Amino acid sequence: MKIRPAKIKDAKAIHTLVNYYAQKREMLARPLSEIYENIQEFVVAEEKSRVVGCCALHVSWEDLAEVKALAVDEKYQKKGVGKKLVQACHKISGKLGIKKIFALTFKPKFFLKLKYYKISRNKLPHKVWGECIRCPFFPDCGEVPLMIEIK
Ligand SMILES: CC(C)(COP(=O)(O)OP(=O)(O)OC[C@H]1O[C@@H](n2cnc3c(N)ncnc32)[C@H](O)[C@@H]1OP(=O)(O)O)[C@@H](O)C(=O)NCCC(=O)NCCS
């Protein structure tokens, strides 16, 4: 299993993975165009030349980044792939000089295991909620905001 920065050739596999879970209402759907436009934000997990997981780090503000679009192929879940993807995003954030990272998720227990802690929504800048408008769950979404401060 290799964790590496995404390449443009990975975009369709990322799109398939993310939208598979979006259809199950486990995460937000993303158009292929958005994945192309933001391909530098993604890291992927590769197994036998196939993308089996993805995660993105999006810079929100001078001291804040978001871990988003995290998905692991069902066959590869519970093997530490999700954790490795999130940790790869933490490393990128650290290199950028950003120590505070948040996630909005339907899977808070996964993030709690990674030492994130729950926060109140109003701790996040308003611009963060821009994506909510196109979410099928808006305005009654059950996403939980969590944060971590990396060293
Ligand atoms: C959530 C998801 C990314 C986890 O990926 P994964 O590769 O299975 O996770 P890992 O194996 O790295 O798990 C790390 C730890 O979290 C735990 N964990 C994983 N998923 C969990 C869940 N849904 N609830 C509680 N704990 C969970 C694991 O047991 C493991 O604990 P351990 O270190 O004590 O063994 C994956 O289940 C997934 O892609 N789900 C569908 C899409 C989704 O919900 N994405 C998140 C939206 S923000």
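What comes next is a walk through the structure. Here the structure is a predicted model, which is why all the values come from computation and not from measurement. (Residues numbered from 1 in each chain as written. Predicted model: local features only at pLDDT ≥ 70, side-chain atom pairs only at ≥ 80, totals over all residues. Heavy atoms only, no water.)

A few points about the overall build of the chain
Okay, so step 1: Across its full length, the chain holds 4 helices and 7 strands.
Okay, so step 2: What you see in the chain, going N to C, is helices and strands ordered as β-α-α-β-β-β-α-β-α-β-β.
Okay, so step 3: Viewed in the frame of its principal axes, the chain has a C-alpha envelope of about 40 × 35 × 30 Å.
Okay, so step 4: For the chain, the proportion of its 151 residues judged to be buried stands at 48%.
Okay, so step 5: Counting contacts in the chain only where the partners sit at least 6 residues apart, residues at least 24 apart contribute 69% of the total.
Okay, so step 6: Carbon and sulfur atoms form 55% of the exposed surface of the chain, whose accessible area is close to 8900 Å².
Okay, so step 7: When the 30 positive and 16 negative side-chain charges of the chain are each reduced to one mean point, those points stand 7 Å apart. (Helix = DSSP H or I, 4+ residues; strand = E, 2+ residues; numbered from the N terminus. Buried < 20%, exposed > 50% of the residue type's maximum accessible area, 1.4 Å probe, protein only. Contact = heavy atoms within 4.5 Å. Areas by Shrake-Rupley, 256 points an atom, 1.4 Å probe, with all protein chains shown as cover. Lys, Arg positive; Asp, Glu negative; His and termini not counted. Charge placed at Lys NZ, Arg CZ, Asp CG, Glu CD.)

Quick look at the nonpolar core
Okay, so step 1: If you look at the biggest cluster of nonpolar residues, it comprises 24 residues, and the most contacted ones within it are Cys55, Val67, Leu85, Val86, Ile101, Phe111 and Tyr116.
Okay, so step 2: At the level of secondary structure, the elements contributing two or more residues to this core comprise strand S2 (42-47), strand S3 (50-61), strand S4 (64-72), helix H3 (81-96), strand S5 (100-105) and strand S7 (144-149).
Okay, so step 3: At 5 residues, H3 tops the list of elements feeding residues into this core. (Core = buried A, V, L, I, M, F, W, Y, C linked by side-chain atoms within 4.5 Å.)

What about the sheet that holds S7?
Okay, so step 1: If you walk across this open sheet you meet the 7 strands as S1-S2-S3-S4-S5-S7-S6, and the pairing is mixed. The open sheet has two edge strands with one neighbour each: strand S1 (2-5) and strand S6 (117-118).
Okay, so step 2: Two elements, S6 and S7, share 2 bridges in a ladder whose sense is antiparallel. Counterpart to lysine 118 in the pairing with S7 is leucine 146.
Okay, so step 3: Seen against the sheet, helix H1 (residues 11-23) touches S2, S3 and S4 and runs at an angle of roughly 85° to S3. (Pairing = 2+ DSSP bridges. Axes fitted to C-alpha atoms, helices over the stretch in contact; angles between N-to-C directions.)

Here's the deal with the site of the ligand
Okay, so step 1: In the vicinity of the ligand, 18 residues are found, and the nearest of them are Val72, Lys78, Gly82, Lys107 and Lys113.
Okay, so step 2: In the model, an oxygen atom of the ligand is placed 2.7 Å from a nitrogen or oxygen of the lysine 78 main chain.
Okay, so step 3: Out of a free accessible area of 910 Å², the ligand has 78% covered by protein chains.
Okay, so step 4: Going through the elements one at a time, S4, H3 and helix H4 (108-113) are the ones with two or more residues in the shell around the ligand.
Okay, so step 5: Here the shell around the ligand is built from residues that sort into 7 nonpolar, 4 polar and 7 charged. (Near = heavy atom within 4 Å. Polar contact = N/O pair within 3.5 Å; in protein donor to acceptor, adjacent residues only side chain to side chain. Nonpolar A, V, L, I, M, F, W, Y, C, P; charged D, E, K, R; others polar.)

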